[in-house]
Amino acid sequence: MKTNFVIKAAPMTLAALACGCQGQKTESAQKPNVILIVADDLGVGDVGAYGQDIGSTPNLDSLAAHGLLMRNGFATSATSTPSRYGIFTGLYPWTNPMAHILAGNDPLIIAQDQPTMPKMFQQAGYATGAVGKWHLGMGNGEVDWNKHIDPDANTVGFDYTNLLPATADRVPTVYVENGTVVNLDPDDPIYVDYKNPFEGEPTYKTNPEMCWLHPNHGHNMAIVNGVPRIGYMKGGKKALWKDDEMASYILDKAEKFVAENKDKPFFLYYGLHEPHVCRVPAKQFAGRTNLGSRGDVIVEADWCVGQLVHHLDSLGLLENTLIIFTSDNGAVLQDGYEDQALELAQEHNYDPSYGLRGGKYSLYNGGTHVPLIVYWKNHIAPAVSDAYFCQLDLFASLGSLIGENVPDSLESQNLKDVLLGKRLIGGRETQVMEAQGKLAMRWMNYEMIPPYAGRPEGVTHIELGNSKEYALYDMEADPREQHNLAAEQPDLLEKMKEMYARLVGSYYNSGFEDTSLQ
Ligand code: NG6
Ligand code: CA
C-alpha cells in the first residue's frame, strides 16, 4: 500500500523561477556562467520531478519544471570516483585503472598533462571553482596533511578549491582549501593510515560505546564526532569538520565563489555530499521526513540548491548562468550504517530508484541512470527530454557552448543541442557503463550485460547484475529489465557483443576490478 509521505515543514520554494520577473536583468554578451551540481548517490526516485513526488525536493522540482528534465541522463559509472573522473576528463573511467573508489589518502588520479573540463574553462577566460566532494585523490600517494598538498585539486584546472578529500565516511575528515587543510594546527599534526590503527586512538572495534551511529558493514575504524569511519586518523582536532554543518559549509563556499566572481564568467563544480553515508542532517532538517536521515539530508540538499539559486538571482546572475544538476551514481539505501534508510523506505513503499533495476554498484540501469536537470532562465524552454545523454558528454557540449574545441582523443561527444533542450530525442547511441570494474554496454534502447562471476546481490541489498549468462534488455519496452532477450534475439546479441569488443578493446578482461565491497 502506498503511504503518503509527511514533510513536516515546507521548505522555501523558488518563487524567482516561477515568476521569471524578479532579480535584475543582466542579459549580456558575456559568456554564460556554468554551475555543475553533482549530488552523491541520489536516485531518480529521490527527485520529485521524476514522478515519485513526496514533496521533499521542491527546489529541484522547480528547476525541472522551469527547465529541462532529462529522463535518460546517465553517469559513466555506478560509483563516485570513476563517475567524476568521466565528467572532468571526458574519458571512460575504465581506461584508467586507478579510477575505482578511492581511499582518503590515495593520490590524484588525473595526470597533470590531461585535458580537463575546468582547464577548458580557464582557457576560455573563466574563473573556476570546486567545492564539496572531490574523491579523485590528492597528492602523490604519500600525502603529508600538515603541509601544502602537491599536486592538489587546483592543478586539474581550478582556481579555487575547498573540498572533502574523499567521502564523508572516509578519513581525513577535514576540508582542504587550495591544497591546505582548513584550520590546520601545527601543534596537533594530522596522520592518516588506511591499514594500521594508531596506538591509543579509539576505533569502532575497541570503543563502540563512543558511537551514536553504528556500522552494519565496514566503517569500523576511526571514530570522528561519534561516527565510525573508513580509515584511521590521528590529530587535527581543530580541523575536523562537523557533519551536521557540512552542507551549509559547502553552500557558503559556493556562494562566496559566485559573489567574488560575479563580474567575470565562472565555472563552479558544486559536489553535494548528500545523501551519501554518513547521513547527518543539520538540526533544522532532522526529522523533516518519515524516511529517516536519508530523507532529511535530501531535503537539506534540495534547500541548498534553492539557496544557491536565490543567491544567483539576488546578484542578477540567473539569466546568465546555466545550472546543471545531476548525481554521480544511482541510489543506495543501506550503505554501511544502521541508519534505518532501508527499513523506513520499505515501510513507506519508497523506491529511490523508482522502478529501475539495481542501484549504486550495479550493472543494471539503476547503477548509472541518474537525475539530470538543466536550467537556464529565459534560455532553456521548459521541457521533458527523452534524449540519451551521458555525463561524459558534458565536457564537449559545454566546450561547444563557450566556443572551445575539445581534443578528438576524448570520448566526450558534443551534444549541446540535447543539453540545452533543442533536441528532445536521440542523443548518444552507445555507452559502456562501469560498476566496480565490471563493464556493460548500452546501444540505442538496449543494454547488454556480459556474464560475470560474483554475488548476484551485494551487502547493500542491491542486485549487482552478475550472472553466468549474457543479459540483453530492451530498456524502452522493459525499463525494469525483467525480460532477458539474449536467447530470443541471438543476432542482436551477437551484434552488441561485436560492438562491445570493439569499444572496450584491450581493456576487456584487464583484470581491473574494484574489491572494496567484497
Ligand atoms: C564503499 C563503502 C560505502 C561508500 C562507498 C563509496 C563499505 C563497506 N562501503 O566501499 O559506504 O563509502 O564505498 O561510495 O566500506 S561512493 O559513492 O563515493 O562511490
Ligand atoms: Ca556516489
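In what follows, the structure referred to is the one given above.
In this text, all values refer to a predicted model and were calculated from it rather than measured experimentally.

The rules we used
Residues numbered from 1 in each chain as written. Chains lettered and ligands numbered in written order. Predicted model: local features only at pLDDT ≥ 70, side-chain atom pairs only at ≥ 80, totals over all residues. Heavy atoms only, no water. Pairing = 2+ DSSP bridges. Helix = DSSP H or I, 4+ residues; strand = E, 2+ residues; numbered from the N terminus. Contact = heavy atoms within 4.5 Å. Axes fitted to C-alpha atoms, helices over the stretch in contact; angles between N-to-C directions. Donors = N, O, S within 2.8 Å, 3.2 Å for Na, K, Ca; no water. Tetrahedral: all angles 85-135°; square planar, octahedral: opposite > 155°, others 65-115°.

Visitor: It is not clear to me how the sheet that holds strand S11 (residues 266-271) should be interpreted in this structure. Could you clarify?
Guide: Note: strands within a sheet are paired through backbone hydrogen bonds, in either parallel or antiparallel orientation. Overall, mixed pairing links the 10 strands, which are arranged S6-S5-S4-S3-S11-S1-S12-S13-S2-S14 in an open sheet. At either margin of the open sheet sits one strand with a lone partner, and together these are strand S6 (180-181) and strand S14 (383-390). Relative to strand S13 (residues 372-375), strand S2 (residues 68-74) runs antiparallel, the two sharing 3 bridges. Along S13, the bridge assignment pairs Met70 with Leu372. Across the face of the sheet, helix H3 (residues 80-89) comes into contact with strand S1 (33-39), strand S3 (127-133) and S11 while running at roughly 165° to S1.

Visitor: Quick question: what am I supposed to make of the coordination of the calcium ion (ligand 2) here?
Guide: Under ideal tetrahedral coordination, the four donors around a metal are separated by 109.5 degrees; under ideal octahedral coordination, the six donors are separated by 90 or 180 degrees. Those donors, Asp40 (OD), Asp41 (OD), Asp328 (OD), Asp328 (OD) and Asn329 (OD1), are the protein atoms that reach the calcium ion (ligand 2), and they lie 2.2 to 2.7 Å from it. The site at the calcium ion (ligand 2) holds 6 donor atoms, and with the angles between them running 52 to 172°, its shape is irregular. Donor residues for the calcium ion (ligand 2), ordered by position in the chain, follow D-D-x286-D-N. With Asp41 in the loop between S1 and helix H2 (58-65) and Asn329 in the loop between strand S12 (321-327) and helix H7 (341-347), this pair connects stretches of sequence that are 288 residues apart.

Visitor: What's the story with unusual backbone geometry in this structure? I'm lost.
Guide: One can expect most non-glycine residues to show negative phi and most peptide bonds to be in trans. Here the residue pair Val171 and Pro172 is connected by a cis peptide bond, since its omega of 0° sits within 30 degrees of zero. Turning to its location among the elements, Pro172 is positioned in the loop between strand S4 (160-164) and strand S5 (176-177). Notably, Asn183 is not glycine yet its phi reads approximately 65°, a positive angle. Position of Asn183 relative to the elements: it lies in the loop between S6 and strand S7 (191-193).

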